[in-house]
Structure formats: structure tokens, C-alpha cells
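Reading the structure
Listed here are the chains, written in short residue letters.
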Amino acid sequence: MKEDQPELLREELQALRNLSRAIDDALEESLKARENLEQTMKRLFPVLLRLTGAVAAAVTTQDEELSTQTWSLGDFGDTFPGTALSETNWGARRFLTGTIVSQQLDVVGLKVGAIGLVFDGDQTAPETAARLSRMVETVAEELDTVLASVHTASEKHQLLVTINHLLSNRVFEAGMDQAVRALCEKVKLPGFMLLYRDAVVSSSMHYRIYKYGQLEHASNGTRHPALDNAIRAHGPKLIAPSDTSLRTVLGSARAVEAVLISGVSEHSTNTLGKIMVWSGGEGFSAFTMDLLRLLASTLSQRLIDYNRERIHLSQFFSAAVMDDLLRDPDYERRYLAPRAEEVGILFADINGFTRICEQVLERPERIGKFVDDWSDEAVAILHRHGGVFDKMVGDCVIGLFGPPFFKSSNGVRAAEAVRAAIDIQNFTREKMSAHPEVSRLSELLKLPGLGVAIGVNLAPAFCGLFGPNRQYTGFSTGMNQTARLQSLGGFRETLVMESAKQAIETLDAPDLKALKYGPLTETPVKNVEKPLRHFKLL
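Residues numbered from 1 in each chain as written. Predicted model: local features only at pLDDT ≥ 70, side-chain atom pairs only at ≥ 80, totals over all residues. Heavy atoms only, no water.

**Comments concerning the confidence of the model for the protein**
Convention followed: Confidence scores per residue from the predictor, reported as pLDDT, run from 0 to 100. Any two residues whose heavy atoms approach within 4.5 Å are treated as being in contact.
Averaged over all residues, the pLDDT of the protein is 87; the fraction at 70 or higher stands at 91%. In this model, residues 264-268 is a region of pLDDT below 50 whose contacts with residues beyond four sequence positions or in other chains number 3 contacts.

**A word on the packing of aromatic side chains**
Worth spelling out the cut-off: A pair of aromatic rings is counted whenever rings of Phe, Tyr or Trp (Trp by its six-membered ring) have centres within 6.5 Å, and the orientation is called stacked for planes under 30 degrees apart, edge-to-face for over 60 and tilted otherwise. Throughout, exposure labels follow a simple rule: accessible area from a 1.4 Å probe, protein chains only, divided by the maximum for the residue type, with under 20% read as buried, over 50% as exposed, and the rest as partly exposed. When the NZ atom of lysine or the CZ atom of arginine is within 6 Å of a ring's centre and also within 35 degrees of its normal, the charge is said to sit over that ring.
Scanning the model with the defined rule gives 10 aromatic pairs in all. Their ring planes at 90 degrees and their centres at 4.9 Å tell us that Phe 466 and Phe 475 sit as a pair that is edge-to-face. A residue is classified by how much of its surface remains accessible, and Phe 475, at 48% relative accessible area, is partly exposed. Taken together, the ring pairs in this structure connect Phe 172, Tyr 196 and Tyr 306 into an aromatic cluster. Sitting above the plane of the Phe 405 ring, Lys 407 keeps its charged end 5.4 Å from the centroid. Geometry around Tyr 517 places Lys 501 over its ring, the cationic atom sitting 5.2 Å from the centre.

**Details of the pattern of salt bridges**
Cut-off, in case you're wondering: Any Lys or Arg side-chain nitrogen located within 4 Å of an Asp or Glu carboxyl oxygen qualifies as a salt bridge.
Taken as a whole and judged by the stated rule, the model has 30 salt bridges. Taken together, the shared-partner salt bridges in this structure form one network comprising Lys 156, Asp 290 and Arg 293.

**Regarding the sheet that holds strand β7 (residues 205-211)**
We apply this condition: Strand pairing is defined by DSSP finding a minimum of two bridges between the two strands. Starting at the N terminus, helices and strands are each numbered in turn, a helix being any DSSP run of H or I of at least four residues and a strand any DSSP run of E of at least two. Lines are fitted to the C-alpha atoms to define the axes, a helix being fitted only along its stretch in contact, and any angle between axes, read from their N-to-C directions, falls within 0 to 180 degrees.
Within the open sheet, the 5 strands sit side by side as β8-β7-β6-β10-β9. Their pairing is antiparallel. Looking at strand neighbours, the two that pair on one side only are β8 (214-218) and β9 (256-261), the edges of this open sheet. Strand-to-strand twist across the sheet, computed as the mean angle between neighbouring axes with direction ignored, equals 20 degrees. Here 6 bridges tie strand β6 (residues 191-197) to strand β10 (residues 271-278), and the two strands are oriented antiparallel to one another. Across the sheet, Phe 192 pairs through a bridge with Val 277, a residue of β10. Strands in contact with helix α5 (residues 172-186) are β6, β7 and β8; relative to β6, the strand with the most contacts, it is inclined by about 155 degrees.

**What about the packing of helix α8 (residues 286-314) against helix α9 (residues 319-326)?**
A pair of packed helices is captured by two measures, namely the crossing angle of their axes and the spacing between those axes. Counted only if it meets this: Geometric relationships in this document are graded by angle, where less than 35 degrees denotes roughly parallel, more than 145 denotes roughly antiparallel, 65 to 115 denotes roughly perpendicular, and other angles denote oblique. Crossing handedness: left-handed means the near helix sits turned counterclockwise from the far one by under a right angle, and right-handed means the same turn made clockwise.
Relative to each other, α8 and α9 sit at 130 degrees, their axes nearing to 10 Å. On the basis of the axis angle, α8 is oblique to α9. As α8 runs across α9, the sense of the crossing is right-handed. Here Tyr 306, Glu 309, Arg 310, Leu 313 and Ser 314 of α8 lie close against α9, whose contacting residues are Met 322, Asp 323, Leu 325 and Leu 326.

**Points about the nonpolar core**
Rules: Only buried residues count toward a nonpolar core, which is a set of Ala, Val, Leu, Ile, Met, Phe, Trp, Tyr and Cys residues joined through side-chain atoms within 4.5 Å.
Leu 183, Phe 192, Phe 317, Leu 325, Leu 336 and Tyr 472 are the most contacted members of the largest nonpolar core, which totals 58 residues. The greatest single-element share of this core, amounting to 10 residues, is contributed by α8. Among all residues touching Phe 192, those that are not within four sequence positions of it are Met 176, Val 180, Leu 183, Arg 208, Ile 209, Tyr 210, Ile 275, Met 276, Val 277, Trp 278, Leu 292 and Leu 295. Phe 370, Val 379, Ile 381 and Val 397 belong to the second-largest nonpolar core, a separate cluster that totals 36 residues.

**What about the pairing of strand β3 (residues 91-95)?**
Relative to strand β4 (residues 98-107), β3 is paired through 5 bridges, and the arrangement is antiparallel. Within the sheet, the bridge partner assigned to Arg 93 lies in β4 and is Ile 100.

**Considering helix α4 (residues 126-167)**
Selection rule: Take the residue count of a helix, subtract one, and multiply by 1.5 Å to get its expected span. Here the bend at a residue is taken as the angle between two axes, fitted respectively to the seven residues that end there and the seven that start there.
Here α4 contains 42 residues, and its C-alpha end-to-end distance of 57 Å stays within 8% of the 62 Å for a straight helix at 1.5 Å per residue. At Leu 143, α4 shows its maximal bend, which comes to roughly 30 degrees.

**Considerations on helix α2 (residues 37-52)**
What counts is decided by this rule: We define a polar contact as two N or O atoms separated by no more than 3.5 Å, with the added condition that, inside protein, one atom must be a possible hydrogen donor and the other a possible acceptor, whereas residues neighbouring each other in sequence contribute only through side-chain atom pairs.
The end-to-end C-alpha distance of α2, which contains 16 residues, comes to 21 Å, matching closely the 22 Å that a straight helix rising 1.5 Å per residue would cover. Bending of α2 peaks at approximately 25 degrees at the position of Leu 44, with proline Pro 46 no more than four residues after it. Here α2 starts with a cap whose side-chain oxygen sits 3.2 Å from the backbone nitrogen of Glu 38, and that cap is Asn 36. Of the residues flanking the end of α2, it is Gly 53, one or two places downstream, whose phi is positive at about 80 degrees.

**Details of a nonpolar patch on the surface**
What counts, and what does not: Patch building starts from residues that exceed 30% relative accessible area and form no salt bridge, then joins like charges within 9 Å and nonpolar side chains (Val, Leu, Ile, Met, Phe, Trp, Tyr) within 5 Å. Here the accessible surface of atoms and residues is derived via Shrake-Rupley with a 1.4 Å probe, and residues count as covered only by protein chains that are part of the display.
Together, Val 200, Val 201 and Ile 311 make up a nonpolar patch on the protein surface, roughly 230 Å² of accessible area in all. Looking at the element boundaries, Val 201 is found in the loop between β6 and β7.

**Some details on the packing of α2 against α4**
Look at α2 against α4: their axes get within 12 Å of each other, and the N-to-C directions meet at 170 degrees. Put simply, α2 runs roughly antiparallel to α4. Contact with α2, carried on its side by Leu 37, Met 41, Leu 44, Leu 48 and Thr 52, involves Met 135, Val 139, Leu 143, Leu 147 and Val 150 of α4 and no other residues of that element.

Structure, rendered in C-alpha cells:
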């Protein structure tokens, strides 16, 4: 018998090779046909039964949706095939009237399922059981890699679906924090940083830095001094594809970087930001690198959407107000839906603008540049005083005080409108009068510089987003009254409606107590039923 052993081993080895080749061919055909796991198992089981002599086969693993499934062919009696593949009974054991031989499916310690073949009769004798176990192991070796790749791809897909869902959070920072945390639950990331350009002020940069998925530093939280210094020194250059300064700043020479762009080409000059991930020296697996590349693509699109939202809001609100709005996922309904409120209203118009255009500026491009220079600062003043920029009609800037949160009192709303009026008057008189065009203006029109006429009111208005372009504005007779009031103003005059003055007088602020007004004046105006009762701010 011993003389026959080498020949038997050669025969078994050849049979195992044939079995391996047949299984490999079946799996390859399934791959070429782009079949799912259920279709693959239907193709595979008949081959298994024919070549192994088994009467039944079962495989338990996770499907493409990462749900545990069991596929089988043959008779398992009243026993669920998945139950028969118990990890406490690997190997050969009696099952019904036959024998089941089962083992775990795994790749480098990654458990991907289990396989079992059922044979007729008692096959538990050591030599026979060993031979059958070698057959099952041969099949398992072919299945391990295929199932591991399906498992890995499915896991990656599910993680990206989760990350996409988290990043869709209307509060960008909250969604980003959750997405990084979810990523770090699957892969080891000692450090992760997102640095991105502000959509409204392109020279301004924001960042978030995570350690093992937990937020450690943020531009709107606990700051990173070294990164702050680098931003001040280099600004947006830090997110350029060729710049490696961040590695030095964060002490991560072996970090992996991915540039976030808004274009379809990686050479696009419209860079949104950059992510940087460091591993602590161990490097990253192909699985992790693939995830990071896909995350960079997803994050680029999310930043595009987020920037579009900020750019729209920046037409009306200051950066601080935008930040507060965007921290609330339901901000449109809670704060921007039309509502009737008492608001401070300001209309500011350049004195004699038509004459300035005709006699001094003359060309459209010079008119546009002049209006831009003045209105940019006028709107900035509105924002500094908590105001909302409603719109610009010609050279007239319109501001609202109270929106969008309406937390301040009526007195504060009127007071901030007056404070903004004073600052706009000062800026126009002192800064704009030094504008290159204004010196020529002063000579031609015999004026001591540039001036504005301003009307300030406190009145009910229906405020919110209106129209197809979702513009934030207000509608009311009070808005019309303020427009008429402003038109009454002379050179460098600010006229304040009686309602606004009365509200301001309820406050104790020293600068408001120091304000001086002319006498109460009543002025009838066109299309307004009652005369306007107003004061001239001295």
C-alpha cells in the first residue's frame, strides 16, 4: 500500500488542479458576464457538485448590499443551509444521512463567509475526511479572493453613500465633521485636514483639522497658530496643486494631498481647496487611497454647492450673518420666509448724480467704476451695523435693519440705521471726496466735495426672499415713505422719520443721546396720504 501512496497523491493533486481550474474558469466567465453574486453561485454550484461528487453545496457571505446571504443547491432537509455552516463545527461531521465538510472563507484574516459541501454516507473517517477537506479548501481558495473583492467594493460603495449623505447636511461644517468621523471608523487616519477658500472673499481661507476623526482645530473654533501664520503669509497659494507648504506647516512630510477643484480637469485654475491626510508613517492601503480620491471628488462638488449658497446669501447679508444662517439646516424657512416685522429702513442716494454723470464721468465704464467704489463701502457699512442690503436702484443704496433674525428691539433697529447713515455721510464726505474724479467734480459744480441724501425710517415691512431669483427685500408703504423722505434731503442731509427718532430716544447709549435734530417738519409728498413727519439730523 505504501508503494501506491505517491501515485495516489499525484492523482489527487491532479484532481485538485482540475477542480481549481474549473472553478477559476466558472468565476472568470461570471466576471466577464458581469453577473452578481446570486448569478455567480448558480453558475458555480453545478460545477462543484459534478467535480467533487457532493450532493449539496452552500455558501454564506455578504452580497453587494453588504447583507448576509446564503446560496445553496441540493437537499439540506429541514435545516437552513446557513445554519449548517457553523463556525463551531468546521471540518467534516455527520449531517442528516450524509456528511458535511465546511470551512471559513477569509483573505489575510478578513472573514468573508463560509462554504460547505454535503456528501452521501459517513465520510468522517480521518483519511477520507482529510481528502474531502482538501477539496473544499481548494474551492475556498478560489472563492476567497472573489468574495473579498466584492465585499471590499461593496463596503467602499456603502461608505461613500454614507459620506455623500452626511456631506449633504445643509450645515457644511457639521456634515464635514460627521463624514470624517465615518471615514475614520473604517480606515485609520491619524490626521485629516481640509483647507478651502472663502466663496465670497477669495483671499480668506477656512480650515478644519481632525485627529483620528475628532475635530481638533478649526478656523471658527480652536485655531492652529502655525497654519494661521501660513495663511497670513501665503493665502490661497497654499491650496495650489504644486505648493507643498502645508506639509511643512503641519509636520507631515509623508502626507497625501488631494486638490479640490471646480473644473473637470485636474489642471483647472479654479481651485476650491485642498485636503491633506497623514498616516503617522505607516502609509496607506490601496483601499484607503481609493476612498480618499473618491472623497476628494465628492467634497469638490459639495464645496461648489456650498459656495453657490454663500454667494447667493452674500448679496444681502454680512459674513457673520451668513455663518449664523448656515449653521441652521432649516434657515430658509425659519429666517428667510416672508414675514411682517417692524424694520429700520435706510435709503442713501448720491447728491446730483445725474449731473455728475453727464458733466464729469461721461463714459459708462467710468460711471460704473465710480458707483462700485462708493456702493461697496456703503454696503460694508450697512453690514457693520447689522443691516441687510436690500437692493441698489441706480445710485441709491437701500438697507434694512432687523432682518433676518429680528432679535433686536425697534429702538436698536432705528438706531443702527441712523449710525449707518452717519458713517455713510462721513465716508462719502471724507474718503469719496478724495476720489480722482471728485476733484474735477468740485471745480465744475462748485461743490465742497461729494455728498449723499439719506432717509431713515422705522416702519412695518413684509421682508423675505421673493421672486424667481430669491432676492431678499421688503415691501410696505413704509418703504415708499422712506424713498420719498430721501428725495427731500439736500446736500449731505440725513432726514429721520418721527417714528425712528422716538424709538431711538428709548435707548441710553451715549452716542445716541448726543444726537441733535432740527425741528419737526411736516412735508406732503406725492402718492402718500399723510404728510411725512421728520427731523433733520444735525
